[in-house]
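Each chain, letter by letter, is given below.
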Amino acid sequence: MQQDRLSDWLVKHDLVHRSLGFDCRGIETLQIKTEDWDSIAVISYVYGYNYLRSQCAYDVAPSGFLASVYHLTRIQYGIAKPEEVCIKVFAPRNNPRIPSVFWIWRSADFQERESYDMLGISYDNHPRLKRILMPESWIGWPLRKDYITPNFYEIQDAH
């Protein structure tokens, strides 16, 4: 299967990762440790994954880990047959810190900011990591499974 090339390359060069299997389209999902993500992100870019199609995040389980998910695309021989890989980086809930990939893929800017705003994942070395959807004064992380919804909302500057 052509989709497992990055995984094979990582194994060949003794870079720690774990394959989480393939989705229905044959795209492999890899789990990368937080401390290895910055170097593996650079390696992925050099290997040809020069397009960050999307980045998102989710809460795995109450009191569990938070996950940051990256969908990378490698367009080597034309747009008709792009090679894709999905990378998941898990961070502990009590101190969710993941290296930012903004300096590799600029399209990560707003996507990492949204993940920070909704789940509280701090992306190290992101140049403008601040709330993007919620007001700066908002307390908490609305998409976490343990988030307690306030009894009221104060609407400021509503027109």
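Definitions and limits used
- Residues numbered from 1 in each chain as written.
- Predicted model: local features only at pLDDT ≥ 70, side-chain atom pairs only at ≥ 80, totals over all residues.
- Heavy atoms only, no water.
- UniProt positions renumbered as here; feature names shortened; annotations may be inferred.
- Salt bridge = Lys/Arg side-chain N within 4 Å of Asp/Glu carboxyl O.
- Buried < 20%, exposed > 50% of the residue type's maximum accessible area, 1.4 Å probe, protein only.
- Helix = DSSP H or I, 4+ residues; strand = E, 2+ residues; numbered from the N terminus.
- Pairing = 2+ DSSP bridges.
- Axes fitted to C-alpha atoms, helices over the stretch in contact; angles between N-to-C directions.
- Contact = heavy atoms within 4.5 Å.
- Phe/Tyr/Trp six-rings, centres within 6.5 Å; stacked < 30°, edge-to-face > 60°.
- Lys NZ or Arg CZ within 6 Å of the ring centre and 35° of its normal.

Named according to an unreviewed UniProt entry, the protein chain is NAD(P)H-quinone oxidoreductase subunit J, chloroplastic originating from Ensete glaucum. The UniProt entry for the protein chain carries the following comment under Subcellular location (unreviewed entry): "Plastid, Chloroplast thylakoid membrane". The Sequence similarities (unreviewed entry) field of the UniProt record for the protein chain holds the comment "Belongs to the complex I 30 kDa subunit family."

Q: Teacher, can you tell me more about the pattern of salt bridges here?
A: Between side chains of opposite charge, pairing is possible as soon as their charged atoms come close. What the rule picks out here adds up to eight salt bridges. Linking E83 and R74 is a salt bridge whose minimum nitrogen-to-oxygen distance equals 3.8 Å. Given a relative accessible area of 5%, E83 falls into the buried group. In this structure, the salt-bridge partner of R93 is D146, at a minimum N-O distance of 3.1 Å. Placement of R93 in the loop between strand 5 (83-92) and strand 6 (97-99) and of D146 in the segment after strand 7 (122-124) is noted, with a sequence separation of 53 residues between them. In this structure R93 comes out as buried when scored by relative accessible area, which is 13%.

Q: What is the right way to look at the sheet that holds strand 4 (residues 65-74) in this model?
A: Backbone-to-backbone hydrogen bonds pair the strands of a sheet. The strands run either parallel or antiparallel. Spatial ordering of the open sheet is given by 1-2-5-4-3, a layout of five strands whose pairing is mixed. Either end of the sheet is taken by a strand with one partner, and the two such strands are strand 1 (18-22) and strand 3 (51-59). Neighbour to neighbour, the strand axes of the sheet diverge by 20° on average, direction disregarded. As paired elements, strand 2 (residues 28-32) and strand 5 share five bridges and run parallel to each other. Residue E28 lies in a different strand from strand 5, and its bridge partner there is V85. In this fold helix 1 (residues 5-12) packs onto strand 2, strand 4 and strand 5, with an angle of close to 35° to the strand it touches most, strand 2.

Q: I keep staring at the packing of aromatic side chains and nothing clicks. Help me out?
A: For any two aromatic rings, the description comes down to two numbers: the centre-to-centre distance and the angle of the planes. According to the stated counting rule, one finds five aromatic pairs in the structure shown. Between Y47 and Y49 the ring centres are 6.2 Å apart and the planes differ by 20°, which places this aromatic pair in the stacked class. Judged by relative accessible area, which is 0%, Y49 ranks as buried. Judged by centre distance (4.8 Å) and plane angle (85°), the ring pair of F102 and W103 falls under edge-to-face. A cation over an aromatic ring shows up here: R74 above the ring of Y47, its NZ or CZ 4.5 Å from the ring centre.

Q: Hey, could you run me through the environment of Y45 in this one?
A: Turning to its location among the elements, Y45 is positioned in helix 2 (residues 34-47). According to the relative accessible area criterion, Y45 is partly exposed, its value standing at 39%. If sequence neighbours within four positions are ignored, Y45 has contacts with N50, I104 and W105.

Q: Can you walk me through unusual backbone geometry in this structure?
A: Glycine aside, residues mostly have negative phi, and peptide bonds are mostly found in the trans state. One non-glycine residue, S63, lies in positive phi territory at about 65°. On the secondary structure map, S63 appears in the loop between strand 3 and strand 4.

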